[in-house]
Amino acid sequence: MRYEGNIFRPPSEAYSLLVQVTIGCTHNKCTFCSMYKDKKFRVRKLEEVIEDLKWARAHYGRVNRIFLCDGDALALSNEKLMPILEFIKANFPECERVTSYGRATDILNKTDEEMRQLYEAGLTMVYLGAESGSDKVLMEINKGETRQQLIDGVKKIEACGMQASVTFISGLAGKDGWEDHAIETGTMITEMQPSYVGLLTLMVDPGVPIAQDINSGKLKLLSPEEVMAETLLMLKHTNVDKKCVFRSNHASNYLSLRGNLPEDKDNMMALLRRAMENHDMFKDERFRAL
């Protein structure tokens, strides 16, 4: 396989075949993000992608999952995506699922029919970084998308048969904005009704713009106990009608939470309250990682 620059994928795609169909991210301006800074966005030639898939077919006995890199595979038109998905379906019959990252604006640029076409061709899940449900926070981190666009994008993913896995970041609004961040994120999840929610905790590389805000004191980081309070408030305002797999067990998190909403909501909230009283439950700072 040929790869250009650093490669990123969701934790759940650890054992997936990673295939670059685009290079980099179309936006690449979020203040907290250090991904894709070593490359400029471009679309790979179809023949290059097919050559990589042929190489993988010749060298790997079984490929259960395929993840389409980089950060913006859904920026491609269906005219460019469909031949890739059709090749995978024809040559990797054992493949259980094909997934990719996607921005809400990419998804909203596609018609309902185009989304359904991608699903029927084998694209079964899209990972979307919402980060926050607050328009104020989204503007501050230069997300380039609004709360309503993110909600509509996830609804469109779910409506065509795909599953949406949506990521949020604890502590992103700091001490001054944590309540707004928590409440608006909870109500966003309620409106989205996604299949999966992942919750990370803010950690930054020194070179990203938000690090300057932290160093200057403009953004005051939350303590582990305050992160628990923020997560508790977020869950309080999260009310989904269908099963939503909730995970807050990333290496960045101070406390590991695993459950399904709505049935495990009370248990997870009780665990958060216990952690706020017993700080020994927090992960040591030395063991946190991006």
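For the structure, check the block above.
Per-chain numbering applies: the sequence of each chain, read as written, is numbered from 1 onward. Under the rules for a predicted model, residues below a pLDDT of 70 receive no local features and side-chain atom pairs below 80 are neither given nor counted, while totals for whole chains, interfaces and linings still include all residues. Hydrogens and water molecules were not included; the side-chain quantities draw on all heavy atoms of the structure.

Caption draft 1: Summary view of the nonpolar core. Among the nonpolar cores identified, the biggest contains 79 residues, and Leu53, Ile66 and Leu68 are the most heavily contacted of them. Among all residues touching leucine 68, those that are not within four sequence positions of it are Val19, Val21, Ala73, Leu81, Ile84, Leu85, Ile88, Val98, Thr99, Ser100 and Tyr101. Side-chain atoms within 4.5 Å are what join buried Ala, Val, Leu, Ile, Met, Phe, Trp, Tyr and Cys residues into a set we call a nonpolar core. For the exposure calls, accessible area comes from a 1.4 Å probe over protein chains only, and a residue counts as buried if that area is under 20% of its type's maximum, exposed if over 50%, partly exposed in between. With eight residues, the next largest nonpolar core counts Cys25, Phe67, Met125 and Tyr127 among its residues. Residues count as neighbours in contact if any of their non-hydrogen atoms are within 4.5 Å of one another.

Caption draft 2: The side chain of serine 132, seen in detail. Only runs of H or I of at least four residues qualify as helices and only runs of E of at least two qualify as strands under DSSP, and these elements are numbered from the N terminus. Within the element layout of this structure, serine 132 appears in the loop between strand 6 (123-131) and helix 5 (135-140). Judged by its relative accessible area of 0%, serine 132 falls in the buried class. Polar contacts involving the side chain of serine 132 include one to the main-chain amide nitrogen of serine 134, which spans 3.1 Å. Two N or O atoms count as a polar contact when they lie within 3.5 Å, although within protein this holds only if one can serve as hydrogen donor and the other as acceptor, and sequence-adjacent residues are included solely when both atoms are side-chain atoms. Polar contacts involving the side chain of serine 132 include one to the side chain of histidine 181, which spans 2.8 Å. Other than its neighbours up to four places away in sequence, serine 132 contacts Val137, Leu138, Leu150, Phe168, His181, Thr185 and Met188.

Caption draft 3: How the structure looks around the packing of aromatic side chains. For Phe, Tyr and Trp, rings pair up if their centres lie within 6.5 Å, where Trp contributes its six-membered ring, and each pair is then called stacked (planes under 30 degrees apart), edge-to-face (over 60) or tilted (otherwise). Scanning all chains against the criterion turns up six aromatic pairs. Judged by centre distance (6.0 Å) and plane angle (70°), the ring pair of phenylalanine 67 and tyrosine 127 falls under edge-to-face. Placement of phenylalanine 67 in strand 4 (residues 65-69) and of tyrosine 127 in strand 6 is noted, with a sequence separation of 60 residues between them. When the ring of tyrosine 101 is compared with that of tyrosine 127, the centres are 6.3 Å apart and the planes differ by 75°; the resulting orientation is edge-to-face. Linking tyrosine 101 in strand 5 (residues 97-101) with tyrosine 127 in strand 6, this pair joins segments that are 26 residues apart in sequence. Both residues of the pair, tyrosine 101 and tyrosine 127, belong to the buried class.

Caption draft 4: Expanded view of unusual backbone geometry. A cis geometry characterises the amide bond from cysteine 69 onward to aspartate 70, with omega recorded as 0°. In this fold, aspartate 70 is placed in the loop between strand 4 and helix 2 (78-91). Residues leucine 261 and proline 262 are joined by a peptide bond in cis, for which omega reads 5°. Structurally, proline 262 can be placed in the loop between strand 10 (257-261) and helix 10 (265-277). Even without a glycine there, the phi angle at tyrosine 36 is positive, about 65°. Looking at the secondary structure, you find tyrosine 36 in the loop between strand 2 (22-23) and strand 3 (42-43). Of the residues examined, tyrosine 36 reaches a relative accessible area of 4% and is grouped as buried. Even without being a glycine, glutamine 193 presents a positive backbone phi close to 55°. Tracing the backbone through its elements, the reader meets glutamine 193 in the loop between helix 7 (174-192) and strand 8 (196-201).

Caption draft 5: Spotlight on helix 10. The terminal C-alpha atoms of helix 10 lie 19 Å apart, and with 13 residues this matches the ideal 18 Å at 1.5 Å per residue to within 8%. Within helix 10 the residues assigned to the buried category are Lys265, Met268, Met269, Leu272 and Ala275. Along the long axis of helix 10, the arc covered by the buried residues comes to 115°, so they all point the same way. More than 90 degrees from the buried face of helix 10, the exposed residues found are Asp266, Asn267 and Glu277. The inward-facing, buried residues of helix 10 contact helix 9 (224-236), strand 9 (244-248) and strand 10. Given the number of residues in a helix, its expected span is that number minus one, multiplied by 1.5 Å. What the arc covers is the set of directions going from the helix axis to the C-beta atoms.

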